[in-house]
Amino acid sequence: MKGIGVSPGIAVGRAFVIKKSAPATNGIVLQSKEEIAAETERFNTAVLNALAEIEAIKNSSQLMLNDDEIGILETQVELINDPQIREDVLAKIETEYNTANDAMIAVTAGIVALFESMDDEYMRARSADFQDIGNRILKYINRNGETNNRSSFAPDTIIIADDLTPSDTITLDLNLVTGFATQAGSKTSHAAIIAKSKGLPAVVACGDELMNINHNDFIILDGLSGFVYVNPDEATIRKYSAKSASFRQQADLYRNVKHLPAITADGTQIKLLANISSADDMDMVFDNSGEGVGLFRTEMLFMDRDTFPDEEEQFEFYKKAVISAAGYPVTIRTIDIGGDKHLPYFNLPAELNPFLGYRAIRISLDQEALFLLQLKAILRAAAFGEVSIMFPMISNIKEIRDAKAILEKAKKELIAAGTAFDANIKVGIMVEIPSAAITADILAKEVDFFSIGTNDLCQYTLAVDRMNEKINHLYDPFNPGVLRLIHNVIEQGRLHNIHVGMCGEMASDSLATLLLLGMGLQEFSMSAASIPTIKNSIINTNIARAKQICADVMKMESSESITAYLKETTL
Ligand SMILES: C=C(OP(=O)(O)O)C(=O)O
């Protein structure tokens, strides 16, 4: 199979298949009274947990639910409490010897089918409520189930999944995994970002065929070329053993450059920072000699839970990362939810164009109470190290001014409460929307720094959904339009004397390194595992050469000529 190689390396191991799209029955027949009692208990506990979850969402003062939303949740409580569902599930456990999982799936499917077949439109729509409730209870029934069991992977496991979301990094113990392949995804999807940050070989966008792989199939996965081999022949195994050895040799070379400073041959010091999602990632940053954090994605704390974290919990989460950074700088980005990142307890409206919709700073400015909590937590954590704050998805100057006004309010509240914080925290923005890149000269006056988010900048400039594998070939950071925007941001940063970094995936693409150096970029932030590769490019070049490369590229008309030229001159 061929997908897109997104994180280099060769992985060899056994498949562990995760199918998340539909709940799966396990077909187990209960054998004893004790098993029946245990499954009954499992179901009862799951129901109580599901009810508690709904209550917590309903009562969350932070969510500010409207009457309709509360109405939906109350209907769900009523339906869960319906004695008929309970009786049906228990009957299947007690008389048909089904597990709680299988009984719940069968009962839900029966009710959903019944409602779907009704004439009345309102009643037909209720089937979605039942499916939702079924999934909610199943989630709790399977809390300790195989796919969520952090210790259930054997060594050398290769995960095969439809897709991996940020919350999967919480529920799956990727430390026991040697690589993964996903059916969907793209170079900048979260599966790819997770793989790179963990240094795991990965292939995404393999297509539907991938899900035909069975548990325990023997897999070879090439994270560079994007090939996935299922139960390969001896010749393929031999070929890949050799490839794997040469990859390890290259990795050794990078290990040797790892401890050298990131200075070009003519003496320009470049900052190589890492993108992280929690304090746990800091070991990997230091293992790869990263000099701090250019992007701390805070969404992880908000995922896979039942309510918003309060100020205290956020403060502890950020503080832990700041302390782990041991004096190195940490740039914390305020939440970037919406788009493809949803929170189960935050009812985001269904949108036709979620990536162009209610997300990131737009949500923060709209939900001021939530934003204030996060800002106060970051300001407090900033007292423990060198912290900057960064706003995502800025498209105009008013958003920066509004966000800064709320930041000032957060500071005043902390002063009034007598709480310690860093009053001089630096404030910057992600430049990831074309209007921000074009008006960088205007925005530069309002902030201390820019960080170029090429993942979104590329998708918005080219009107190419970064998650849509059908149009992956059009997603192209080397498009002259994208390059001109990047060049302008770096240039305006220099003219206005503010520093400019890059935290999108382009910062970890060695094909782009010299070009970006030539544009004047002096700070690159990326998955920690990519740092040695980029450092190797930096220490083997000089700025005069990089400037010449930039001058040549900026005259070129097409991405094809640019990438061909860069391959020839820089790799
Ligand atoms: C770093 C970026 O943000 P995200 O977390 O959306 O990948 C980007 O858009 O380049």
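Before going into details, it helps to say that this report is about the structure given with it. (Residues numbered from 1 in each chain as written. Predicted model: local features only at pLDDT ≥ 70, side-chain atom pairs only at ≥ 80, totals over all residues. Heavy atoms only, no water.)

Attention now moves to the overall build of the chain. Along the backbone of the chain there are 22 helices and 15 strands. Across the 571 residues in the chain, those meeting the buried criterion constitute 55%. In the chain, of all internal contacts separated by at least 6 residues, the share reaching a separation of at least 24 is 68%. When the accessible surface of the chain is split by element, carbon and sulfur atoms take 52% of a total near 24,900 Å². (Helix = DSSP H or I, 4+ residues; strand = E, 2+ residues; numbered from the N terminus. Buried < 20%, exposed > 50% of the residue type's maximum accessible area, 1.4 Å probe, protein only. Contact = heavy atoms within 4.5 Å. Areas by Shrake-Rupley, 256 points an atom, 1.4 Å probe, with all protein chains shown as cover.)

This part takes up empty space enclosed by the protein. Enumeration according to the criterion identifies four cavities of 30 Å³ or more in this entry. Of the pockets and cavities examined, the largest cavity occupies roughly 140 Å³. Around the largest cavity, the lining is made up of 18 residues, and of these R297, R333, N455, D456 and R466 lie nearest the centre. With three residues, helix α17 (residues 454–462) is the single largest residue contributor to the lining of the largest cavity. Across the lining of the largest cavity, the residue classes tally to four nonpolar, five polar and nine charged. (1 Å grid on protein atoms, 1.4 Å probe; cavity = no way out; pocket = protein on both sides within 12 Å on 5 of 7 lines; lining within 4 Å. Points joined across faces, edges and corners; volume = space filled by probe spheres on them. Nonpolar A, V, L, I, M, F, W, Y, C, P; charged D, E, K, R; others polar.)

The local shell around the ligand holds 15 residues, among which R297, R333, G453, N455 and R466 are the closest. One nitrogen or oxygen atom from the side chain of R333 is found 2.9 Å from an oxygen atom belonging to the ligand. One of the side-chain N or O atoms of R466 is found 2.9 Å from an oxygen atom in the ligand. When the ligand sits alone it has 290 Å² of accessible area, and the protein chains cover 99% of it. Structurally, the ligand is housed in the largest cavity. (Near = heavy atom within 4 Å. Polar contact = N/O pair within 3.5 Å; in protein donor to acceptor, adjacent residues only side chain to side chain. Sits in = over half its atoms within 2 Å of the grid points.)

Bringing the side chain of S508 into the picture now. Relative to the helices and strands, S508 resides in the loop between β14 (499–502) and α19 (510–519). Only 2.8 Å separates the side chain of S508 from the backbone oxygen of E505, close enough to count as a polar contact. Once residues lying within four places of it in the same chain are set aside, the contact partners of S508 are K196, M526, S530 and I534.

A positive phi angle, near 45°, is found at N231, a position not held by glycine. Tracing the sequence through the fold places N231 in the loop between β7 (228–230) and α8 (234–258). Even without being a glycine, A463 presents a positive backbone phi close to 55°. By secondary structure assignment, the location of A463 is in the loop between α17 and α18 (480–495).

Our next topic: the nonpolar core. Core analysis: the largest hydrophobic core is formed by 106 residues, its most contacted members being Y318, F450, I486 and F524. Ranked by the residues each element gives to this core, the list is headed by helix α13 (residues 368–381), at eight residues. Among all residues touching I486, those that are not within four sequence positions of it are I452, T454, L457, M502, M506, L516 and M519. Core analysis: the next-biggest nonpolar cluster, separate from the first, contains 30 residues, V112, I133, I137 and I141 among them. (Core = buried A, V, L, I, M, F, W, Y, C linked by side-chain atoms within 4.5 Å.)

For the structure on display, the rule yields 20 salt bridges. E446 is the partner of R401 in a salt bridge, and the nearest nitrogen-oxygen pair spans 3.0 Å. Separated by 45 residues along the polypeptide, R401 in helix α14 (residues 397–417) and E446 in the loop between α16 (440–443) and β13 (449–452) bring together distant segments of the chain. Several salt bridges converge on common partners, so that one network encompasses E299, R333, D336, R359, D456 and R466. (Salt bridge = Lys/Arg side-chain N within 4 Å of Asp/Glu carboxyl O.)

Once that is clear, we can look at the sheet that holds strand β1 (residues 4–7). In space, the seven strands of this open sheet follow the order β1-β5-β4-β3-β2-β6-β7, with mixed pairing throughout. Looking at the sheet topology across the chains shown, the edges are occupied by β1 and β7. Between one strand axis and the next, the sheet turns by 30° as a mean value, whatever way the strands run. The pairing of strand β3 (residues 157–161) with strand β4 (residues 177–182) spans five bridges and is parallel. The residue bridging A161 from the neighbouring strand is T182, located in β4. Most of the contacts of α8 go to strand β6 (residues 218–222), to which it runs at about 45°, and overall it touches β2 (10–18), β6 and β7. (Pairing = 2+ DSSP bridges. Axes fitted to C-alpha atoms, helices over the stretch in contact; angles between N-to-C directions.)

A word on the packing of aromatic side chains. Taken as a whole and judged by the stated rule, the model has 12 aromatic pairs. The interplanar angle of 55° and the centroid separation of 5.0 Å between the aromatic rings of Y229 and Y240 together place this pair among those described as tilted. Taken together, the positions of Y229 in strand β7 and Y240 in helix α8 put the pair 11 residues apart, joining distant regions of the chain. Residue Y229 is classed as partly exposed on the basis of its relative accessible area, which comes to 21%. You can call Y240 buried: its relative accessible area is 2%. Relative to F346, the ring of F308 has its centre 5.3 Å away and its plane inclined at 70°; by these criteria the two rings are edge-to-face. (Phe/Tyr/Trp six-rings, centres within 6.5 Å; stacked < 30°, edge-to-face > 60°.)

A large share of β3 lies buried, amounting to five of its five residues. In β3, alternate side chains face the same way, and those of T157, I159 and A161 on one face and I158 and I160 on the other are all buried. As paired elements, β2 and β3 share five bridges and run parallel to each other. Across the sheet, residue I18 finds its bridge partner in β3, namely A161.

Okay, the environment of A325 next. You can see A325 is positioned in the loop between α11 (311–324) and β10 (330–333). Of the residues examined, A325 reaches a relative accessible area of 0% and is grouped as buried. A C-alpha to C-alpha distance of 8.2 Å links A325 and A279, two positions 46 residues apart in sequence. Residues contacting A325, with those up to four places away along its chain left out, are M282, F286 and V330.

Moving on, we get to helix α20 (residues 531–539). Summarising burial for α20: eight of the nine residues are buried, a large majority. Those residues of α20 that fall on the buried side of the exposure criterion are I531, P532, I534, K535, N536, S537, I538 and I539. The elements touched by buried residues of α20 are α8, β8 (271–276), α19 and β15 (523–526).

A separate point is α13. The end-to-end C-alpha distance of α13, which contains 14 residues, comes to 20 Å, matching closely the 20 Å that a straight helix rising 1.5 Å per residue would cover. Burial analysis of α13 places 12 of its 14 residues in the buried class, the great majority of the element. Listed as buried for α13 are L370, F371, L372, L373, Q374, L375, K376, A377, I378, L379, R380 and A381. Looking at the buried positions of α13, the neighbouring elements they touch are α10 (299–302), α11, β10, α12 (361–366), β11 (387–391) and α14. (Expected span 1.5 Å × (residues − 1).)

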